[in-house]
Amino acid sequence: IASTPYLMTESGCLPWRATTLRALGKGERDLERTIGAHPALLGLEDRRTLVRGPYVPFHQLQLDTPQGRGVLPDIVFLTESGHVVIVEVKLSDNGELKDRRVLAQLLDYAASLAACSEDEAEVATLFGGGEGQTFSDVVRQRFPGVARPDELTSTLLRRMRSAELHLVIACDGVPDGLREFVQSVSNQSALGAFELRVVELVPHVLEGSPGVLLLPSVPVRTEIVARTAVNITIAEG
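Trainee: Looking at this structure, I do not really get the overall build of the protein chain. What am I missing?
Mentor: Per the secondary structure count, the protein chain includes 6 helices and 11 strands. Carbon and sulfur atoms provide 50% of the accessible area of the protein chain, an area that totals close to 12500 Å².

As structure tokens, this is what we get:
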């Protein structure tokens, strides 16, 4: 159970009240923009993931699934450490957050990005490359301070193609049942090598204060799941 945060002042301690973004008149795009500008809210960087910034956000990328349907992940981050992060943003009252649809969306995005990355020219266009530009050109533009841009380019492409991704559901409140759904995915999906996490960003307000305090937590995080496909050929006889 989360504790109530307090603001300590000379006259005493004032409690912050938990609320929802909807109650504050804000929507999913507001949360999406906040995460895009402040990716540290996702808590991705630790010794286990080896993720580190800078992060470059891409909002609402147009991807096509292997079946030809168009999908739009809310945010795709490319990082200087060579990791790829896909974020799906939902408010706590969104019905898709309360069943398996949000997980299906994330897995759809991951499979679509893996399929797209087989064509490097298509990847360059997807991430904003101009006519005749390669994905390496895009990486050089987006990460001007990186020491070995070609190495970063090949690492990003390799992780996209193998679906070695960080998949994130970001919301302002986790509904009942979502934890169990997320934990079951790592045992059922043959997607690739991925990490799946739920990040809860609960807004708090203080009486008389115009600001909003976001308290991040990660109630669910799977281990990085590695899947290996083995083809066995049985010769005649």
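Moving on, there is more to tell.
Trainee: I keep staring at unusual backbone geometry and nothing clicks. Help me out?
Mentor: In this structure, proline 54 follows glycine 53 across a cis peptide bond, with omega equal to 5°. Its location among the elements puts proline 54 in the loop between α1 (28–37) and β4 (55–59). You will see that leucine 50, though not glycine, has its phi angle at about 65°, which is positive. Its place among the elements puts leucine 50 in the loop between α1 and β4.

Trainee: Help me understand the side chain of serine 117, please; the structure alone is not making it clear to me.
Mentor: Relative to the elements of secondary structure, serine 117 occurs in the loop between α2 (101–116) and α3 (120–126). Beyond its immediate stretch of four places on either side in the chain, serine 117 contacts Val123, Leu157, Met160 and Arg161.

Trainee: Explain the pairing of strand β8 (residues 84–90) here, please?
Mentor: Looking along a regular strand, one sees the side chains alternate between the two faces of the sheet. β8 sits mainly inside the fold: 7 of its 7 residues count as buried. Two strands pair when backbone bridges link them, and strand β7 (residues 75–79) and β8 are joined in this way by 4 bridges, in the antiparallel orientation. When the sheet's bridge partners are listed, isoleucine 75 is paired in β8 with valine 87. In sequence, β7 turns back onto β8 through a hairpin of 4 residues, with glycine 82 there showing a positive phi of about 90°. Sheet topology places β8 next to strand β9 (residues 165–171); 6 bridges connect them, and they run parallel. For glutamate 88, the partnering residue across the bridge sits in β9 and is isoleucine 169.

Trainee: I keep staring at the packing of aromatic side chains and nothing clicks. Help me out?
Mentor: Each aromatic ring pair is characterised by the separation of its centres together with the angle its planes make. Under the counting rule described, the total for this entry stands at 3 aromatic pairs. Ring geometry for tyrosine 55 and phenylalanine 77: centres 5.7 Å apart, planes at 80°, overall edge-to-face. Separated by 22 residues along the polypeptide, tyrosine 55 in strand β4 and phenylalanine 77 in strand β7 bring together distant segments of the chain. Assigned by exposure class, tyrosine 55 and phenylalanine 77 land together as buried. Geometrically, the ring pair formed by phenylalanine 58 and phenylalanine 127 is edge-to-face, given 4.8 Å between the ring centres and 80° between the ring planes. One end of the pair, phenylalanine 58, is in strand β4; the other, phenylalanine 127, is in the loop between α3 and α4 (135–142), with 69 residues separating them in the sequence. Judged by its relative accessible area of 6%, phenylalanine 58 falls in the buried class. In this structure an aromatic cluster arises from ring pairing among Phe58, Phe127 and Phe135.

Trainee: Looking at this model, I keep getting lost on the environment of arginine 158. Mind explaining?
Mentor: Relative to the helices and strands, arginine 158 is located in helix α5 (residues 149–161). Relative accessible area serves as the criterion here: at 43%, arginine 158 is assigned to the partly exposed category. For the pair arginine 158 and alanine 114, spaced 44 residues apart in sequence, the C-alpha separation works out to 9.3 Å.

Trainee: What's the story with the side chain of glutamate 88 in this structure? I'm lost.
Mentor: Structurally, glutamate 88 is set in strand β8. Among the polar contacts listed, one links the side chain of glutamate 88 to the side chain of lysine 90, at a separation of 3.0 Å.

Trainee: Looking at this structure, how should I read the confidence of the model for the protein chain?
Mentor: Detailed reading of the predicted model is not advised wherever pLDDT is low. Here the protein chain shows a mean pLDDT of 83. Residues at 70 or above account for 87%. For residues 225–231, every residue scores under 50 in pLDDT, and the model assigns this stretch 13 contacts once sequence neighbours within four places are set aside.

Trainee: Sorry, what's going on with the nonpolar core here?
Mentor: Nonpolar side chains in soluble globular proteins generally cluster together in the buried interior. Leu78, Leu113, Phe127, Phe135, Met160 and Ile169 are the most contacted members of the largest nonpolar core, which totals 42 residues. Per element, the largest residue contribution to this core is 8 residues, and it comes from α2. Excluding residues that lie within four positions of it along the chain, isoleucine 169 makes contacts with Glu88, Leu97, Val102, Leu103, Leu106, Leu178, Val182, Arg197, Val198 and Val199. Counting residues in hydrophobic clusters, the runner-up holds 18 residues, among them Leu42, Val51, Ile75 and Phe77.

Trainee: Quick question: what am I supposed to make of the environment of valine 182 here?
Mentor: For valine 182, the position within the fold is in helix α6 (residues 178–188). In this structure the C-alpha to C-alpha distance between valine 182 and leucine 103, which are 79 residues apart in sequence, comes to 7.4 Å.

About the thresholds
Along every chain, residues carry numbers that run from 1 in the direction the sequence is written. Only residues with pLDDT of at least 70 get local features here, since the model is predicted, and only at 80 or more are side-chain atom pairs given and counted; chain-wide, interface and lining totals rely on the full set of residues. Remark: hydrogens and water are excluded; side-chain values derive from all non-hydrogen atoms of the structure. Secondary structure counts use DSSP, requiring at least four H or I residues in a row for a helix and at least two E residues in a row for a strand, with both numbered from the N terminus. In this description, accessible areas are obtained by the Shrake-Rupley approach with a 1.4 Å probe, and a residue is regarded as covered only by the protein chains that are shown. Two residues qualify as a contact provided that any one of their heavy atoms is within 4.5 Å of a heavy atom in the partner residue. Each residue gets one of three labels from its accessible area relative to the maximum for its type: buried under 20%, exposed over 50%, partly exposed in between, using a 1.4 Å probe on protein chains only. Pairing between two strands requires that DSSP report at least two bridges joining them. Each pair of aromatic rings taken from Phe, Tyr and Trp, with Trp reduced to its six-membered ring, is defined by centres within 6.5 Å and is described as stacked if the planes are under 30 degrees apart, edge-to-face if over 60, and tilted in the remaining cases. N or O atoms within 3.5 Å of each other form a polar contact, as long as, within protein, one can give a hydrogen and the other can take it, and as long as residues adjacent in sequence are counted only when both atoms are side-chain atoms. Think of pLDDT as the predictor's per-residue confidence, scored from 0 to 100. What we call a nonpolar core is a set of buried Ala, Val, Leu, Ile, Met, Phe, Trp, Tyr and Cys residues that are connected through their side-chain atoms within 4.5 Å.

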